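Take a look at the letters that make up each chain.
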Amino acid sequence: MSQMEIFDRRAVAAHRTRAAPRLAKVRPVLDELAFRVLDRLDDTGRRFRLALDIGGRGAVAPLLNARGIEVVTCDISPALAHGTASVAGDPEFLPFGPARFDLIVAHMSLHWVNDLPGALIQLRQALTPEGLFIGSLPLLGTLSELRSALIEAEEVLTGGAAPRVSPFPTLADCAGLMQRAGFALPIAEREEVDLEYAEPFALLRDLRDAGETNALSARSRRIPPRALFPLALAAIAGSGGRLRINLPIAVLSGWGS
């Protein structure tokens, strides 16, 4: 295993495949996030002809189609690569030639990529010279309370802790990556999304149903202690057992060059 293999890409694909029949349960959240991200298209004053949707889980393509844009969908999971034009492919090894699309959207799909700088370079190369890239991914602070609670609970139960929540970049990291990839006029903006759950286990169900469960290469393959998640969730639940989660998101945009 190389030092770059932070994530197990086979596990990422398997989690998304298992989530495919359950996405309807988290569709409102996925659709709301996609609407917020794609709302930026109105500020460009441009009409786009052919778009690539990377890992949009059915939330991106309909919004682009509604704007009269032809869409090719691409996902690491064949079960999620569906539509009139679709390709099962990994953004780490993008299966498209140069200058193919005048719009590329990678919405909440790049945070499981090992070589993010390389993936962004490939995405830029797939853009036409005046094409636009829009991407989004979780920022540092995402699920930070859950991460800390799981570490503390597992240490109490077993005397040690396995990694269970992914590392996330800062907004400055994202801005630097866009510049490094060679995008023209790169922008990195922060969006804040607040979620509230009537009971804490609903958060874990949503993560599972969205295909966002642990795919770290260094994750433990052992079955976790039965008391781990109840203990951790009890520690972060508020009054009445309700759970409030803040989801900071980076929205990236840049033009081909």
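Our subject is the structure that appears above.
Rules used throughout
Residues numbered from 1 in each chain as written. Predicted model: local features only at pLDDT ≥ 70, side-chain atom pairs only at ≥ 80, totals over all residues. Heavy atoms only, no water. Helix = DSSP H or I, 4+ residues; strand = E, 2+ residues; numbered from the N terminus. Buried < 20%, exposed > 50% of the residue type's maximum accessible area, 1.4 Å probe, protein only. Contact = heavy atoms within 4.5 Å. Pairing = 2+ DSSP bridges. Axes fitted to C-alpha atoms, helices over the stretch in contact; angles between N-to-C directions.

Draft legend 1. Structural view of unusual backbone geometry. Phi is positive for Met108, which is not a glycine, with a value near 50°. Within the fold, Met108 resides in the loop between β4 (101-107) and α4 (116-125). Unlike most non-glycine residues, Leu143 shows phi in positive territory, near 55°. Locating Leu143 in the fold gives a position in the loop between β5 (127-138) and α5 (144-158). Accessibility expressed as a relative area gives 13% for Leu143, which makes it buried.

Draft legend 2. Expanded view of the side chain of Ser253. Its place among the elements puts Ser253 in strand β7 (residues 243-255). Here Ser253 is in contact with Leu132, Phe133, Ile134, Met178, Leu185, Pro186 and Ile187, once residues within four sequence places are set aside.

Draft legend 3. How the structure looks around the sheet that holds strand β3 (residues 86-88). Strands sit in the order β3-β2-β1-β4-β5-β7-β6 across an open sheet of seven strands; the sheet is mixed. The open sheet is flanked by β3 and β6 (184-197), the only strands paired with a single partner. Across the sheet, the mean angle separating the axes of adjacent strands is 15° when strand polarity is ignored. Of the pairings in the sheet, the one linking strand β1 (residues 50-54) to β4 comprises four bridges and is parallel in character. Bridge assignment links Asp53 to a residue of β4, and that residue is Val105.

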